[in-house]
Amino acid sequence: MKPLGPIPAGFTARDGELVIGGSTASALIDQADDTPLFVYSRDMIAERIEALRAAMPERLSIHYAMKANPYGPLLEFIADLVDGLDIASQGELQQAREAGYLPREISFAGPGKRDEELRAAIRAGVTLNLESEGEAERALEAARLLKVTPRLAIRVNPDFELRGSGMKMGGGAKPFGVDAERVPALTRRLLEAGADWRGFHIYSGSQALDADAIIESQAQTLDLASRLAGEVGIDLSHLNMGGGFGIPYFAKDTPLEIEAVGAALRERFTSLPANLAETQFAMELGRYLVGEAGVYLTRIVDRKVSHGTTYLVTDGGLHHQLAASGNFGTVVRRNYPVAIANRFDAEPEEVVNVVGCLCTPLDRLADDAHLPRAEIGDLVAVFCAGAYGASASPAAFLGQGPALEMLV
Ligand SMILES: *Cc1c(COP(=O)(O)O)cnc(C)c1O
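Residues numbered from 1 in each chain as written. Predicted model: local features only at pLDDT ≥ 70, side-chain atom pairs only at ≥ 80, totals over all residues. Heavy atoms only, no water.

Undergrad: In this structure, what is going on with the packing of aromatic side chains? I would like to understand it.
TA: How two aromatic rings sit relative to each other is set out by the distance from centre to centre and by the angle between their planes. All told, the structure shown has 12 aromatic pairs when counted by the stated rule. Ring geometry for Phe 328 versus Tyr 388: centroids 6.2 Å apart, planes at 35°, classification tilted. You can see Phe 328 sitting in the loop between α11 (322-325) and β18 (338-340) and its partner Tyr 388 sitting in the loop between β21 (379-382) and β22 (404-407), a full 60 residues away along the chain. Residues Phe 344 and Phe 383 carry aromatic rings whose centres are separated by 6.1 Å and whose planes lie at 35° to one another, so their mutual orientation is tilted. Highlighted residues: Phe 344 in the loop between β18 and β19 (350-355) and Phe 383 in the loop between β21 and β22, separated in sequence by 39 residues. Every member of this aromatic cluster is reached through a ring pair, and the members are Phe 38, Tyr 40, Tyr 71 and Tyr 296. (Phe/Tyr/Trp six-rings, centres within 6.5 Å; stacked < 30°, edge-to-face > 60°. Helix = DSSP H or I, 4+ residues; strand = E, 2+ residues; numbered from the N terminus.)

Undergrad: Looking at this structure, how should I read the site of the ligand?
TA: As a matter of local geometry, the ligand sits amid 12 residues, with Lys 67, Ser 206, Gly 286, Arg 287 and Tyr 388 nearest to it. Between the ligand and the protein, one listed contact pairs an oxygen atom with a side-chain N or O atom of Ser 206 at 2.5 Å. Within the backbone of Gly 286, one N or O atom sits 2.9 Å away from an oxygen atom of the ligand. In isolation the ligand offers 380 Å² of accessible surface; the protein chains occlude 91% of this area. Here the shell around the ligand is built from residues that sort into 5 nonpolar, 3 polar and 4 charged. (Near = heavy atom within 4 Å. Polar contact = N/O pair within 3.5 Å; in protein donor to acceptor, adjacent residues only side chain to side chain. Areas by Shrake-Rupley, 256 points an atom, 1.4 Å probe, with all protein chains shown as cover. Nonpolar A, V, L, I, M, F, W, Y, C, P; charged D, E, K, R; others polar.)

Undergrad: Honestly, the pattern of salt bridges in this entry has me stumped. Any pointers?
TA: Pairing is possible between side chains of opposite charge, provided their charged atoms come close. In the structure shown here, the tally under the stated rule is 21 salt bridges. Arg 189 serves as the salt-bridge partner of Glu 137, at 2.7 Å between the closest nitrogen and oxygen. With Glu 137 in helix α6 (residues 133-146) and Arg 189 in helix α7 (residues 183-192), this pair connects stretches of sequence that are 52 residues apart. Here Glu 137 falls in the partly exposed class, since its relative accessible area comes to 36%. Shared partners join several salt bridges into a network, and the residues in it are Arg 303, Glu 350, Arg 373 and Glu 375. (Salt bridge = Lys/Arg side-chain N within 4 Å of Asp/Glu carboxyl O. Buried < 20%, exposed > 50% of the residue type's maximum accessible area, 1.4 Å probe, protein only.)

Undergrad: Any chance you could explain α6 here in plain terms?
TA: Residues separated by three or four positions in an α-helix point in the same direction, a consequence of the helix having 3.6 residues per turn. For α6, spanning 14 residues, the distance from its first C-alpha to its last is 20 Å, which sits close to the expected 20 Å at 1.5 Å a residue. Residues of α6 that are buried include every one of Glu 135, Ala 136, Ala 139, Leu 140, Ala 142 and Ala 143, and no others. Taken end-on, α6 shows its buried residues confined to a sector of 165°, consistent with a single buried face. When the buried face of α6 is taken as reference, the exposed residues oriented beyond 90 degrees from it are Arg 144 and Leu 145. Where α6 is buried, its residues contact α5 (115-124), β8 (127-130), β9 (151-157) and α7. Phi turns positive one or two residues past the end of α6, at Lys 147, with a value near 55°. (Expected span 1.5 Å × (residues − 1). Arc of directions from axis to C-beta. Contact = heavy atoms within 4.5 Å.)

Undergrad: What's the story with the domain arrangement of the chain in this structure? I'm lost.
TA: Note on interface size: it is often stated as the accessible area lost on association of the parts. Along its sequence, the chain is carved into domain 1 (12-40 + 291-407) and domain 2 (70-285). Computed over C-alpha atoms only, the centres of domain 1 and domain 2 are separated by 34 Å. Between domain 1 and domain 2, the residue contacts involve 14 residues of the former and 10 residues of the latter. Summed over both partners, the interface of domain 1 with domain 2 buries about 1,100 Å², with 70% contributed by carbon and sulfur atoms. Counting across the domain 1 and domain 2 interface gives 0 salt bridges. Counting across the domain 1 and domain 2 interface gives 1 residue pair in polar contact (both at pLDDT 80 or more). Residue contributions to the side of domain 1 that touches domain 2 peak at 3 residues, all from β22. When its residues are assigned to classes, the side of domain 1 that touches domain 2 shows 7 nonpolar, 4 polar and 3 charged. (Domains from an automatic or database assignment. Buried area = accessible area lost by both parts, 1.4 Å probe.)

Printed below as a string of structure tokens:
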């Protein structure tokens, strides 16, 4: 038997069924008229952001990193709850505009921005987080031709990384950002070129659950930002401090203690160096805001036994939930939180493998999982599906097509 990840707090049962946003799983599927279905809860997203705001210093803006979940209705809903949006492509820019975000609320990071993307962002008035000197020159040239003053920030490749983070995005050689020691020279270049200077973007990692590690990296981020601004001899207008707040996906993972992170940051904000005294601070979060508010529902289409092992075969799989299958940045496959949605309060009775419908051994949703007895037609719920699900999975693989999505 392999343990399942922890089901996020706040999910209850009614008539034996999992309830999401006030409706039972089967009612939601009736409404959507098919499976597989992603359901995202408005209330859970709103509560999460409210708690985060209460824990963090008021001075800190909260941005949503939309690559975590770009579903249109969710993007529109979250617009009223956050202070800004981080995008990583022209396609995301388009989706953001359609969802009603204003260009001045948007910043655009990501390596490999094409000239066309730079032009679209500059024309719209979006802040570009520059990833290299070459990209900076291309942006300045695009702005000159457009006769627009570009809003430019520099993404710094920090000389440290977020301890214990799931995906390392800083420290050493990286395709992201400009190496810290070259940032002062590039800053001077942008200032001399007359750009609207939007400060630094320092992102050091993702999916951290250890408050001390985040506190340490935030302190290092502030020190680095102050040192770089000091080398240029300017006050820093803006600092995007990154994020990296994780959510518990696996057994033994424990929730991040945001109160501890917030208290440490408040303390730091009371004794900032002079060149950060007037800085506008922002943090960018994806999965922490939306990940636990989403559930993936898929129906069991077959129940079979092979050499004594029981398989529950579903109509979903890795083409919608690549991360839960263990094929999205994990080294050792572990089980996400999974349940039988229409027997949500039943006791576990048997050990089974839950698999997807794809013809590949990679398509696993839960291995050796202790679950209530389930038959053909029953519903499997995969939790922590609100981030890096639908849009981060190969929906076209094997001709299956996308899942349905719903905000409730
Ligand atoms: C992916 C990404 C994020 C969001 O990461 P989460 O782990 O979902 O919070 C934020 N900022 C940058 C630069 C990213 O690449």
